[in-house]
Amino acid sequence: MAGWNESQLRKYNIKVDKIPTLQYDDPKVDSLLSNNKPVLIKGSKLVSQVLKWDLDYLAEHMNSICCNVLVSKNHKFKYYDQKKITPNMTFKPISRPSPMIFSEFAKKIKDWKKGDSRLYMQQVLNNSISQRIVSDFVMFNWDWIMSKQKVCKWGSLTSNLLLIAQEGNVTPCHYDEQQNMFASIRGYKRFILFPPSEFECLYPHPVHHPYDRQSQVDFDNPDYIKFPKFKEACGYEVIVGPEDVLYIPMYWFHHVESLMHGGCTVSVNFWFKAGSVEKIEYPLLDHQKMVIMRNVEKMLAEALHDPNEVGNMLNTIVLGRYT
Ligand SMILES: CC[C@@H](CC(=O)C(=O)O)C(=O)O
Ligand SMILES: [Zn+2]
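Residues numbered from 1 in each chain as written. Chains lettered and ligands numbered in written order. Predicted model: local features only at pLDDT ≥ 70, side-chain atom pairs only at ≥ 80, totals over all residues. Heavy atoms only, no water.

## Notes on empty space enclosed by the protein
Spelled out, the test is: In this analysis, the protein atoms alone were mapped onto a 1 Å grid. Cavities are point sets where a 1.4 Å probe fits without being able to get out; pockets are open sets with protein on both sides within 12 Å along at least five of seven lines; lining residues have an atom within 4 Å of a point. Grid points are joined across faces, edges and corners, and a volume is the space filled by probe spheres set on the points. Secondary structure elements are taken from DSSP: a helix is a run of H or I of four residues or more, a strand is a run of E of two residues or more, and numbering for both begins at the N terminus.
Taken as a whole and judged by the stated rule, the model has one cavity of 30 Å³ or more. One number sums up the size of the largest cavity: a volume of about 50 Å³. If you go around the largest cavity, the residues you meet are Y175, F199, P204, H205, V207, D212, M290, M293, R294 and E297. Among the elements that line the lining of the largest cavity, the one with the most residues is helix α7 (residues 286-304), at four residues.

## Focus: the coordination of the zinc ion (ligand 2)
Here is the rule we go by: Atoms are scored as donors when they are N, O or S and lie within 2.8 Å of the metal, with 3.2 Å used for Na, K and Ca; no water is included, so coordination may look incomplete. Each residue's exposure class comes from its accessible area (1.4 Å probe, protein chains only) as a fraction of the maximum for that residue type: buried when under 20%, exposed when over 50%, partly exposed otherwise.
For the zinc ion (ligand 2), the full set of protein donor atoms is H174 (NE2), D176 (OD) and H254 (NE2), and the range of their distances to it is 2.1 Å. Between the donor residues of the zinc ion (ligand 2), the gaps in sequence give the motif H-x1-D-x77-H. Judged by its relative accessible area of 11%, D176 falls in the buried class.

## Re the nonpolar core
In a soluble, globular protein the nonpolar side chains are often hidden away together inside. Defined as follows: The definition of a nonpolar core used throughout is a set of buried Ala, Val, Leu, Ile, Met, Phe, Trp, Tyr and Cys residues joined through side-chain atoms within 4.5 Å. Note on contacts: a residue pair qualifies if any of its non-hydrogen atoms lie within 4.5 Å across the two residues.
Residues W53, F102, F105, M181 and F270 are the most contacted members of the largest nonpolar core, which totals 47 residues. Top element by residues in this core is helix α2 (residues 55-62). It accounts for five residues. Those residues in contact with F270 that sit more than four places away from it in its chain are L46, F140, W142, I145, L157, S159, N160, Q179, N180, M181 and A183. The next biggest cluster of nonpolar side chains, apart from the first, holds 19 residues, and it includes I14, V170, F227 and Y251.

## Overview of the site of ligand 1
Basically, it comes down to this: A molecule or strand has a residue near it when one of that residue's heavy atoms lies within 4 Å. For this analysis, a polar contact is any N or O atom pair within 3.5 Å, provided that within protein one partner can donate a hydrogen and the other can accept it, and provided that sequence-adjacent residues contribute only side-chain to side-chain pairs. Residues are grouped as follows: Ala, Val, Leu, Ile, Met, Phe, Trp, Tyr, Cys and Pro are nonpolar; Asp, Glu, Lys and Arg are charged; all remaining types, including Gly, are polar.
Residues in close proximity to ligand 1 total 13 residues, the closest being Y120, T171, D176, N180 and K189. At 2.6 Å from an oxygen atom of ligand 1 is found a side-chain nitrogen or oxygen belonging to Y120. Of all the secondary structure elements, the ones that give two or more residues to the shell around ligand 1 are β8 (118-124), β10 (170-174), β11 (179-186), β15 (253-258) and β16 (265-272). Partitioning the shell around ligand 1 into residue classes produces five nonpolar, six polar and two charged.

## A look at the pattern of salt bridges
Operational definition: Definition used for salt bridges: Asp or Glu carboxyl oxygen within 4 Å of a side-chain nitrogen of Lys or Arg.
Counted according to the given criterion, the structure contains 16 salt bridges. Close ionic contact of D220 with K76 constitutes a salt bridge, the shortest N to O distance being 2.7 Å. In this pair, D220 sits in the loop between α6 (199-202) and β13 (234-240) while K76 sits in the loop between β5 (69-72) and β6 (95-97), placing the two residues 144 residues apart along the sequence. On the basis of relative accessibility, which here comes to 35%, the residue D220 falls in the partly exposed class. We classify K76 as buried; its relative accessible area is 17%. Note that E237 and R190 form a salt bridge whose closest N and O atoms lie 2.5 Å from each other.

## A short note on the sheet that holds β15
Convention followed: Pairs of strands are assigned from DSSP output, requiring at least two bridges between the strands. Inter-axis angles, ranging from 0 to 180 degrees, are taken between N-to-C directions of lines fitted to C-alpha atoms, where helices are fitted over the stretch in contact.
If you walk across this open sheet you meet the five strands as β1-β13-β12-β15-β10, and the pairing is mixed. Looking at strand neighbours, the two that pair on one side only are β1 (15-18) and β10, the edges of this open sheet. Sheet twist, expressed as the mean angle between neighbouring strand axes with direction ignored, is 25°. Note that β10 and β15 share three bridges and pair antiparallel.

Pasting the structure below:
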């Protein structure tokens, strides 16, 4: 019995393949991790000591802690970088930060009814949360996750994000610049991942835009005129359930949704810096080309002193000369 069914998945018109599911002690796990290939890992017991982290338990022990909560007028929580909003920019995000104490968040979730704004708690776990949560946190299977960090030569652990989502919440397609071991504690989440080679099909916003790293394509209503190559996107899909750990390689695009009618989901991610010494061999890896493209956009925006001129200059360089 899977614990979920297809009727809980939102419907998209995207070609997907499967992500390998392996036991934590299968030697193929380390080779997939080391080669930046996604894998769903079972049996690691990474978060087995905190399966009790449901809304009531967390409310009891985080009651008066002010937490980072996002509020959205619809089911999508598209991240944006506030530092990239410039004074003369008209930027109207669908979701926005609305910090509140945990007890208020828990009450709003319990009282939520259709039509209300949705909520999504995304709180960095640190030792200022509460004694009990900290004592639970130290019970993660740190030996295992740190052994993965070592074998893959990742950089340091930068943060753990505690994610508490309402059923049906969606984090739209985006990529991160860190290695990510994503652990599910309660509920089921659907991930659709795309390798960096699909960059041209996913049309991320310009680097200087507040929606940097986020795909411009609305999966619920794709604009095939503006984004024609989205039709060709080939993804990888997996359902992540309690105690599962999904490796999301850096620069891999991912869409995430908490299954509909599945209740709240509770997850924790583990973001690691990329490894320091990444060997440069040719041909370059696709994610290395993404880094180059990002650097070209940043350099041109800086040299031109106006990000809005970057597109024109790139067109001038390419059109009729490289195409
Ligand atoms: C950040 C929220 C998202 C997960 C994700 O994108 C990541 O861990 O990188 C999700 O679970 O809704
Ligand atoms: Zn992400």
